[in-house]
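Coordinate inspection notes
The lines below spell out each chain.
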Amino acid sequence: MNAKKVKLLKWAKRLSFGIAVLLALFIGFYASIYFGLWGKIPNKEELTLLKQSQATQILDANNDLIGKIYVYDRQSINYSNFPQHLIDALIATEDVRFYEHNGVDNKSLFRVFFKSILMSDDSSGGGSTITLQLAKNLFGRKNHGFGGLVINKIKESIVAKRIEKLYSKEEILTLYLNTVPFPDNTYGIESASEKFFNSHTKDLTLVQSATLIGSLKANTSYNPRRYPEKSHIRKNVVVQQMKKYGFITDEQAEKAITEHIVIDYQNYSPNDGLAPYFRAQVKKQLDSILKLEKYLKPNGEMYNIYHDGLKIETTLDNTMQRYAETAMKEHMTDLQRQFEKAYGQNAPWLKGKPAFEAAKKRLKSYQKYKSQGLSDKAIEDSLKKEQPTDLFSWDETTVKSMSTLDSLEYYSKFLNAGLVSLDPLTGAIKAYVGGIDYSFFQYDHIVQSKRQVGSTFKPIVYTAAIENGMAPCTYFPVKAITYTDVNNWRPTNTGDIEDENYSLQMALSNSVNTIAVKVLYETGIEKVIEQAKKMGIQSTIEAVPSIALGTSNLTLLEMAKAYSSYVNNSMPSKPIFITKIEDKDGHIIASYKDLNPNEKESDKAFSDDTRQIMLEFMKATINEGTASRLRSTYELKNAIAGKTGTTQENKDGWFVGIMPKLITVTWVGNDNQQIGFSTTSMGQGANSALPIFAKYLQKLNADPKYKSITSASFETTSQEVLDALDCNATKADGFFKRLFGNHKDEQKFEKKEKRKEKKKGGIFGWLKKKD
């Protein structure tokens, strides 16, 4: 053998040895991954029990999605819900040999291995099969430093092969499409379809399917909401791939390529979208409900609303909710401008004003610095440091660099609002607007906020009076009285009211303060408080004369519950939010009866006659009293009763609208209770809160779907009640009363309970008193 051959043989041996060493290293390296030295790889048993976090869906009364609770926005659906063009788009774009391989494209895998190890090229990724991508989606990747891409690819290849042995191709596609990440932190095709196109997956068009599949390559760059042009180009690439592999015809491809992407974006995140305050309240209720032993999982664990994909059916009507939110926005946009303009440079929220200084000292950051012993100047300097801040505006949200003090001044000027609308017969919440914008103002003004209710409490006073024997045609003088045993308290009336005698209907419909106090005096404070409790009010009501004018702090929901008794056979309805809870597979966790058991029918809060009398009183409020602009300005012809309310120094404006099949309460005010409206004409409930109800009802009237609500009529008032109400609105004092009557304008407000009570004479006693 000559030297040349010996040399070649030597090199051949070295090469063979080198290859053997490399092969051994690779086998050893592969084995180290396979046996878990680089992290545990799921085994067969774990892969058969795949469980992905799924979003809990909150549905309205019509089974329409209104929001989700999640860590990952994901909803799983079955293979039968995937349109064929969606599957075809996925196969053509991501893995055309999907039905031929066993989960791994070996050529691609070795290319990644050799380019990464031998050429130190970390850009060698690509070529992953759908099953490999599924493995990555299910179990994620870890940072293993140098060679990390190869380690992760090999781990994924092992998992992919195991998946292929355990699942059919259809099942793999189902798992993949239910877990793959889409733009805007959205996981799974169903969530993406609902978010970007307001559509279920089964209803996606070819263009919509191609758009979503196209975004998988880079879900930020090809986000159709943020980058519509890039998304359109990518969509066309998908269509061309479908055409190339024979999934669609030339004609179909040409049509899809020329068709533009039309987004119908729906935001279901907790802080955005429809009814965020309602959804937050539903979540709170779920947190309590699901802790109960009878609602635990079969294994005794508690359901996790962030991961278990529950379906929550609620009472809300999404269309009514949209009308309510739109009505609120329309009115508050205009009212806010008026509010700021009226104050001008004398606004109480400006720096240096008492309201601002008090609010500053309530800041958590201020209190933290104070507890650290910082001087007032040091605290002030710290609070003046600027940083980028998101700013709410009725026009658009902006970002501006401002300090904590600047932000406090800016946000202190905003009026807030609340609206709750419920079915008085069932208690079902139909619309729920807890504030002007949940992203910026998360304090719920329906169940969390307790505000003085103003004159909306007067009907409760009058109800107690009628129920305790006061005749409907009782007259009271308008003149003001000073109550010497109540710190010389002298309640007065708003505007010019003639000093004469008013009937109860006239006094209530025109919200006469002086007479409301006199009715309370005659009835007794304790009886009025007892009446309020019977009507469903649970908050503490202080036993003081000023409750006649609504100084009690109550919630909007309490007021809605109390007023529901006027159109619910004299019984307050129980507000209902949730009607059913199901698991992700549709199994019932809690039914309507479970959540709302048939409790013993509550006693009536008052008699049928009292109910009919009060309805007539409050119809007069709408037809000729403080809420008459519903008829004149807004031209509403519906059957409506109601009451306006305004609190001291115009801090709160209220309106309660009673309809035969709908109770609606609206409120407007500033969260800083030191800040009120500058004038009564602007801040009174008829101007600040009533228009929200009016605009809301106008929208319901324009929608024939709600004719059963808008065209409903009140019960027929009995002839006995009509006869009892047959009296003049005002009455002059007779000659002898003018001559010898009590003209004192001072008296004591002693508790009526301590005096000898007049004999009531039964439920119909007042009928016998009629002159």
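Everything numeric here is computed off the predicted structure, so don't read it as measured data.

**Notes on the overall build of the protein**
- Looking only at helices and strands, the protein has 32 helices and 22 strands in total.
- Taking as baseline every contact in the protein between residues at least 6 positions apart, the subset at least 24 positions apart corresponds to 71%.
- Of the roughly 36,900 Å² that the protein leaves accessible, carbon and sulfur atoms contribute 50%.

**Comments concerning the pattern of salt bridges**
- Taken as a whole and assessed by the stated rule, the structure comprises 26 salt bridges.
- Where Lys360 meets Glu357, a salt bridge forms, and the shortest distance between an N and an O atom there is 3.0 Å. Highlighted residues: Lys360 and Glu357, both in helix H14 (residues 354–362), separated by three residues, approximately one helical turn.
- Residue classification places Lys360 among the buried positions, given a relative accessible area of 7%.
- On the accessibility criterion, Glu357 (25% relative accessible area) is partly exposed.
- Two residues, Lys584 and Asp585, come together in a salt bridge whose shortest N-O distance is 3.7 Å.
- Classification of Lys584 by relative accessible area gives partly exposed; the value is 40%.
- Looking at Asp585, the relative accessible area reads 53%, which means it is exposed.

**What to know about the packing of aromatic side chains**
- For the coordinates displayed, the defined rule picks out 28 aromatic pairs.
- Centroid distance Phe392 to Phe440: 5.7 Å. Interplanar angle 55°. Geometry classified as tilted. Highlighted residues: Phe392 in the loop between strand E7 (386–391) and strand E8 (398–403) and Phe440 in the loop between strand E10 (429–433) and strand E11 (451–452), separated in sequence by 48 residues.
- Above the plane of the ring of Phe98 lies Lys169, whose end atom (NZ or CZ) is 4.4 Å from the centre.
- The side chain of Lys230 reaches across the aromatic face of Tyr227, ending 5.2 Å from its centre.

**Focus: the sheet that holds strand E16 (residues 578–582)**
- Taken in spatial order, the five strands of this open sheet run E2-E1-E6-E16-E17, and their pairing is mixed. In this open sheet, the two edge strands, each paired with only one partner strand, are strand E2 (65–69) and strand E17 (588–590). On average, each strand axis in the sheet is tilted by 25° relative to the strand beside it, whichever way the strands run.
- Pairing of strand E1 (residues 56–59) with strand E6 (residues 311–314), which is carried by three bridges, proceeds in the parallel orientation. Within E6, the residue paired with Gln57 across the bridge is Lys311.

**So, the state of the cysteines**
- Within the structure shown, the criterion is met by one disulfide.
- Bridging Cys473 to Cys727, the disulfide has an S-S length of 2.0 Å. Because the sign of the S-S torsion sets the handedness, a value of about -90° for the bond joining Cys473 and Cys727 places this disulfide among the left-handed ones. A residue pair is termed long-range when its members are at least 10 positions apart, and Cys473 in the loop between helix H18 (458–467) and strand E12 (475–477) and Cys727 in the loop between helix H30 (719–724) and strand E21 (730–731) qualify at 254 residues.
- Cys727 sits in the partly exposed class, given a relative accessible area of 30%.

**Digging into the sheet that holds strand E18 (residues 641–646)**
- Strand order across the open sheet formed by five strands is E10-E9-E20-E19-E18, with antiparallel pairing between neighbours. One side of each edge strand has no neighbouring strand; the edge strands of this open sheet are E10 and E18. Across this sheet, the average inter-strand angle for adjacent strands is 5°, counted without regard to direction.
- As paired elements, strand E9 (residues 415–422) and strand E20 (residues 662–670) share eight bridges and run antiparallel to each other.

**Here we look at the nonpolar core**
- Of all hydrophobic cores here, the largest spans 138 residues; its most connected members are Met332, Phe457, Tyr462, Ile581 and Ile658.
- Top element by residues in this core is helix H13 (residues 318–343). It accounts for eight residues.
- Counting 40 residues, the second-largest nonpolar core is a separate cluster that includes Ile91, Val159, Val207 and Ala253.

**Some details on the environment of Ile257**
- Position of Ile257 among the secondary structure elements: in helix H11 (residues 250–258).
- Given a relative accessible area of 23%, Ile257 falls into the partly exposed group.
- Counting along the chain gives 18 residues from Ile257 to Val239, while the straight-line C-alpha distance between them is 7.0 Å.

**A word on the pairing of E8**
- For E7 and E8, the ladder comprises six bridges, and the chain directions are antiparallel. Across the sheet, residue Thr389 finds its bridge partner in E8, namely Lys400.
- The hairpin formed by E7 and E8 contains six residues between the paired strands.

**Looking at the pairing of E6**
- What you see with E6 is a clean split: Ile312 and Thr314 sit on the buried side and Lys311 and Glu313 on the side with no burial.
- Of the strand pairs in this sheet, E6 and E16 are connected by four bridges, and their pairing is antiparallel. Counterpart to Ile312 in the pairing with E16 is Ile581.

**Overview of a nonpolar patch on the surface**
- Judged by side-chain polarity, Val71, Tyr72 and Tyr306 come together as a nonpolar surface patch covering roughly 250 Å² of accessible area.
- The residue Tyr72 is located in the loop between E2 and strand E3 (73–74) in this model.
- Residue classification places Tyr72 among the partly exposed residues on the basis of a relative accessible area of 35%.

**Overview of the packing of H14 against helix H15 (residues 364–371)**
- Running from N to C, H14 and H15 cross one another at 65°; their axes reach a closest spacing of 5 Å. Across the interface between the two elements, Lys360, Lys361 and Arg362 from H14 touch Lys364, Tyr366 and Gln367 from H15.
- When the residues that make up the contact of H14 with H15 are grouped by side-chain class, the tally is one nonpolar, one polar and four charged.

**Examining helix H8 (residues 189–197)**
- Counting buried positions along H8 gives nine out of nine residues, so the element sits mostly inside the fold.
- Taken together, the buried positions of H8 are occupied by Ile189, Glu190, Ser191, Ala192, Ser193, Glu194, Lys195, Phe196 and Phe197.
- Backbone geometry just after H8 places Asn198 at a positive phi near 50°.

**Things to note about helix H20 (residues 513–523)**
- Here H20 lies mainly inside the structure; 10 of its 11 residues are buried.
- Taken as a whole, H20 has its buried residues at Asn513, Thr514, Ile515, Ala516, Val517, Lys518, Val519, Leu520, Tyr521 and Thr523.
- Gly524 sits one or two residues past H20 and shows a positive phi near 110°.

**Section: the side chain of Thr710**
- Here Thr710 lies in helix H29 (residues 707–710).
- Residue classification places Thr710 among the buried residues on the basis of a relative accessible area of 11%.
- Once you skip the residues sitting within four places of it in the chain, Thr710 turns out to touch Asn638, Met659, Leu697, Leu700 and Asn701.

Quick notes on the rules
- Residues numbered from 1 in each chain as written.
- Predicted model: local features only at pLDDT ≥ 70, side-chain atom pairs only at ≥ 80, totals over all residues.
- Heavy atoms only, no water.
- Helix = DSSP H or I, 4+ residues; strand = E, 2+ residues; numbered from the N terminus.
- Contact = heavy atoms within 4.5 Å.
- Areas by Shrake-Rupley, 256 points an atom, 1.4 Å probe, with all protein chains shown as cover.
- Salt bridge = Lys/Arg side-chain N within 4 Å of Asp/Glu carboxyl O.
- Buried < 20%, exposed > 50% of the residue type's maximum accessible area, 1.4 Å probe, protein only.
- Phe/Tyr/Trp six-rings, centres within 6.5 Å; stacked < 30°, edge-to-face > 60°.
- Lys NZ or Arg CZ within 6 Å of the ring centre and 35° of its normal.
- Pairing = 2+ DSSP bridges.
- Axes fitted to C-alpha atoms, helices over the stretch in contact; angles between N-to-C directions.
- Disulfide = S-S within 2.5 Å.
- Core = buried A, V, L, I, M, F, W, Y, C linked by side-chain atoms within 4.5 Å.
- Patch = residues over 30% accessible without salt bridge, like charges linked within 9 Å, V, L, I, M, F, W, Y side chains within 5 Å.
- Nonpolar A, V, L, I, M, F, W, Y, C, P; charged D, E, K, R; others polar.

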